[in-house]
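The chain contents come next:
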Number of protein chains: 2
Amino acid sequence: MSNESAIGVFDSGLGGLSAVRELKKLLPNENIIYFGDTGRVPYGSKSREIIRKYTAQDAKFLLSHGVKAILAACGTVSSNAMECIEAITDIPVFGVVEDAAREAYEASRTKRVGVIGTQATVNSGIFKRKIEERDAHAEVLQSACPLFVPLVEYGFTAEGDEITRLACERYLAPFRGEVDTLILGCTHFPILEKAISAALPGVTLINPASAAAKAMAKTLKEQDLLSAREKNGEIRYFVSDEPAHFAAEGKIFLGKDFEISAKKIEIDKF
Amino acid sequence: MSNESAIGVFDSGLGGLSAVRELKKLLPNENIIYFGDTGRVPYGSKSREIIRKYTAQDAKFLLSHGVKAILAACGTVSSNAMECIEAITDIPVFGVVEDAAREAYEASRTKRVGVIGTQATVNSGIFKRKIEERDAHAEVLQSACPLFVPLVEYGFTAEGDEITRLACERYLAPFRGEVDTLILGCTHFPILEKAISAALPGVTLINPASAAAKAMAKTLKEQDLLSAREKNGEIRYFVSDEPAHFAAEGKIFLGKDFEISAKKIEIDKF
């Protein structure tokens, strides 16, 4: 492990690519290794024991490539299993909950924060709990927006798409006038950022992948772990199921100019 | 096995309940045993070998209850594994492809038929092939409507729902003026029947679950296998994962007046 080692990012599937996008913005010269556990997605509906086992395997795979830091770009892992990574390595480890909760709390003037996510994330109450741990008087309003995930995956993402606009109107109406900051608590939601913002003008949107990437960049700098590379870093992609599908859908998160070539690995062996 | 034995229905998940609804309409006095393989859903993305193994297990579970007929209310099973059921039993067996393709072909005056389904069903081309086997001159136009599944599962089903109306407009425009009959090639789609019909006025909609239920009723009558029961039959539900979720979501397909109490079984043991 050295300054020239890659940053490791993993997720249960594709959504974690939104963290890769944020890292590329902040640290374009770093190498990145991404693992998407597409063969075992979704984690959200699995037992805690299984989630912890999978998390350790995902981290071991990244560690086998000598990564210098790990970003678990998966809400389920971040809520249930961060210590399973910390138990097997001393390198800096980041999730998509802690930094987002802190950033949202700090950004809010009224200390009234909204959280949107899948039904599982809202049921877990993880962002709400993290904010209330900071300030018992903070108010956190949560609401599930499950249709946002298929709207992203099935391509309803063009600017001004009428179906997506109406879905934002319907799901976000309860937040209007109630919060000044909203956590986009699902890796897919930042893709709909403009539509969400149009439905909630003046509300600050917090992207957990961006919060995690910022926290990682800060730590790597503080610990003098940044690469000295003077050109763009490389990104390598690994998955546990069919790579072709991943390459096609990945463009939703990274943009269509990204060339994605993924390699299949046997994650069970880690 | 006797006339008073139950009818067996299975699916990879919840969607097969649409076949239960159709059977209840046609044969209200029959007992029904439903198995939803919710612990291993979805089948569509799995290998053919795995689909065939699961299908045989699902059928064996139903046969262990002495059913007198089986309806495989799953498009993936109907396209890939019907002979795996026929190999282990002599009772009548029905899928959701054959009878729907026949019914659509017979209903069409112009012999121009549309098919909508998930991306996997459209890619498989199964309905198109079955119709073209009947008549090489028939024209079959296919289109995937993937957003319809989450629209149903996340409750966008109220009559006149604007989001669902717009999704129907967008997905179904290519069929307008092109076909006179449309196969609803996914168990979820009949829930949106009114919205689909509004987008394609004058087009005959074919519900594969209904076609299968009609074919089964006809066969049971011909083979003198109908029950003599003079009151409503009972429905028993079995699943391979958390029953509570099944009971809640099942109401989408059966209507909210249905009391659903499901029991979890170990399908791997069959």
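Above this text you will find the structure in question.
Bear in mind the structure is a predicted one, so any value in this text is a computation, not a measurement.

Scoring rules and cut-offs
- Residues numbered from 1 in each chain as written.
- Chains lettered and ligands numbered in written order.
- Predicted model: local features only at pLDDT ≥ 70, side-chain atom pairs only at ≥ 80, totals over all residues.
- Heavy atoms only, no water.
- Axes fitted to C-alpha atoms, helices over the stretch in contact; angles between N-to-C directions.
- Helix = DSSP H or I, 4+ residues; strand = E, 2+ residues; numbered from the N terminus.
- Parallel < 35°, antiparallel > 145°, perpendicular 65-115°, else oblique.
- Left-handed = near helix turned anticlockwise from the far one by under 90°.
- Contact = heavy atoms within 4.5 Å.
- Expected span 1.5 Å × (residues − 1).
- Buried < 20%, exposed > 50% of the residue type's maximum accessible area, 1.4 Å probe, protein only.
- Pairing = 2+ DSSP bridges.
- Least-squares fit on C-alpha atoms with pLDDT ≥ 70 in both.
- Polar contact = N/O pair within 3.5 Å; in protein donor to acceptor, adjacent residues only side chain to side chain.
- Core = buried A, V, L, I, M, F, W, Y, C linked by side-chain atoms within 4.5 Å.
- Salt bridge = Lys/Arg side-chain N within 4 Å of Asp/Glu carboxyl O.

Draft legend 1. Broad picture of the packing of helix α9 (residues 162-172) of chain A against helix α9 (residues 162-172) of chain B. Following both chains from N to C, one finds α9(A) and α9(B) inclined at 170 degrees, their axes separated by 10 Å at the closest point. One element, α9(A), and the other, α9(B), form an angle in the roughly antiparallel class. In this structure, the crossing between α9(A) and α9(B) has a hand that is left-handed. Note on element contacts: α9(B) touches α9(A) through Glu162(B), Ile163(B), Leu166(B), Ala167(B) and Arg170(B), opposite Glu162(A), Ile163(A), Leu166(A), Ala167(A) and Arg170(A).

Draft legend 2. Expanded view of helix α12 (residues 243-254) of chain A. Residue and element names in this part refer to chain A. With 12 residues, α12 should reach 16 Å at 1.5 Å per residue; the first-to-last C-alpha distance of 16 Å fits that figure. Contact partners of the buried residues in α12: α1 (17-26), β2 (32-36), α8 (148-153), β9 (235-239) and β10 (262-264). Gly-255 sits one or two residues past α12 and shows a positive phi near 100 degrees.

Draft legend 3. View of the environment of Ala248(A). Residue and element names in this part refer to chain A. Within the element layout of this structure, Ala-248 appears in helix α12. Ala-248 gets classed as exposed once you look at its relative accessible area, which sits at 52%. Measuring from C-alpha to C-alpha, the distance between Ala-248 and Leu-71 comes to 23 Å, with 177 residues separating the pair along the chain.

Draft legend 4. The arrangement of the sheet that holds strand β8 (residues 204-206) of chain B in detail. Residue and element names in this part refer to chain B. Strand order in this open sheet of 4 strands is β6-β5-β7-β8, and the pairing throughout is parallel. Every interior strand has two partners, whereas the edge strands, β6 (139-144) and β8, have only one. Between one strand and the next, the sheet's axes are offset by a mean angle of 25 degrees, whatever the strand orientation. As paired strands, strand β7 (residues 181-184) and β8 are joined by 3 bridges and run parallel to one another. Directly across from Leu-182, in β8, lies its bridge partner Leu-205. Against the sheet, helix α7 (residues 126-134) engages β5 (112-117), β6 and β7, with an angle of about 175 degrees to β6.

Draft legend 5. The relation of the copies chain B and chain A, seen in detail. Between chain B and chain A, which share one sequence, the superposing operator has a rotation angle of 180 degrees and an axial displacement of 0.1 Å; the RMSD is 0.0 Å. Both chain copies can therefore be described as sitting about a two-fold axis. Residue Ile163(B) of chain B places its C-alpha closer to the rotation axis than any other residue of that unit, at 2.9 Å.

Draft legend 6. Representation of the sheet that holds strand β5 (residues 112-117) of chain A in the model. Residue and element names in this part refer to chain A. Taken in spatial order, the 4 strands of this open sheet run β6-β5-β7-β8, and their pairing is parallel. Each of the sheet's edge strands pairs with one partner strand only, and the pair in question is β6 (139-144) and β8 (204-206). Going from strand to strand, the sheet's axes swing by 25 degrees on average, the running direction of each strand aside. Strand contacts of helix α7 (residues 126-134): β5, β6 and β7 (181-184), with the helix running at about 175 degrees to β6, the strand carrying the most contacts.

Draft legend 7. Just the side chain of Asp58(A), in detail. Residue and element names in this part refer to chain A. By secondary structure assignment, the location of Asp-58 is in helix α2 (residues 48-63). Among the polar contacts made by the side chain of Asp-58, one reaches the side chain of Tyr-43 at a distance of 2.6 Å. Among all residues touching Asp-58, those that are not within four sequence positions of it are Phe-10, Phe-35, Asp-37, Arg-40, Tyr-43 and Ile-267.

Draft legend 8. Just the nonpolar core, in detail. Of all hydrophobic cores here, the largest spans 118 residues; its most connected members are Phe148(A), Leu172(A), Ile196(A), Phe148(B), Leu172(B) and Ile196(B). Setting aside its immediate chain neighbours within four residues, Leu172(B) contacts Ile116(B), Cys145(B), Leu182(B), Ile196(B), Ala199(B) and Leu200(B). The next biggest cluster of nonpolar side chains, apart from the first, holds 24 residues, and it includes Phe35(B), Tyr43(B), Ile51(B) and Tyr54(B).

Draft legend 9. Representation of the pattern of salt bridges. Within this structure, the stated rule accounts for 44 salt bridges over all chains. Between Lys214(B) and Glu103(B) there is a salt bridge, and its shortest N-O distance comes to 3.1 Å. One end of the pair, Lys214(B), is in helix α11 (residues 208-222); the other, Glu103(B), is in helix α5 (residues 98-107), and 111 residues separate them in sequence. Linking Lys128(B) and Glu132(B) is a salt bridge whose minimum nitrogen-to-oxygen distance equals 3.0 Å. Remark: Glu132(B) and Lys128(B) occur in helix α7; sequence separation between them is 4 residues, near one turn of the helix. On the accessibility criterion, Lys128(B) (27% relative accessible area) is partly exposed. A cluster of three or more residues bridged by salt bridges with shared partners is formed by Asp37(A), Arg40(A), Asp58(A) and Asp268(A).

Draft legend 10. Region of interest: the side chain of Asn207(A). Residue and element names in this part refer to chain A. The topology assignment puts Asn-207 in the loop between β8 and α11 (208-222). Reaching out from Asn-207, the side chain makes a polar contact with the backbone nitrogen of Ala-209 at a distance of 2.9 Å. Setting aside anything within four residues of it in sequence, one finds Asn-207 in contact with Glu-22 and Pro-190.

Draft legend 11. Inspection of α9(B) at higher detail. When α9(B) is considered as a whole, its buried residues turn out to be Ile163(B), Thr164(B), Leu166(B), Ala167(B), Cys168(B), Tyr171(B) and Leu172(B). Regarding α9(B), its N-cap is Asp161(B), as a side-chain oxygen of that residue lies 2.9 Å from the backbone nitrogen of Ile163(B) further along.

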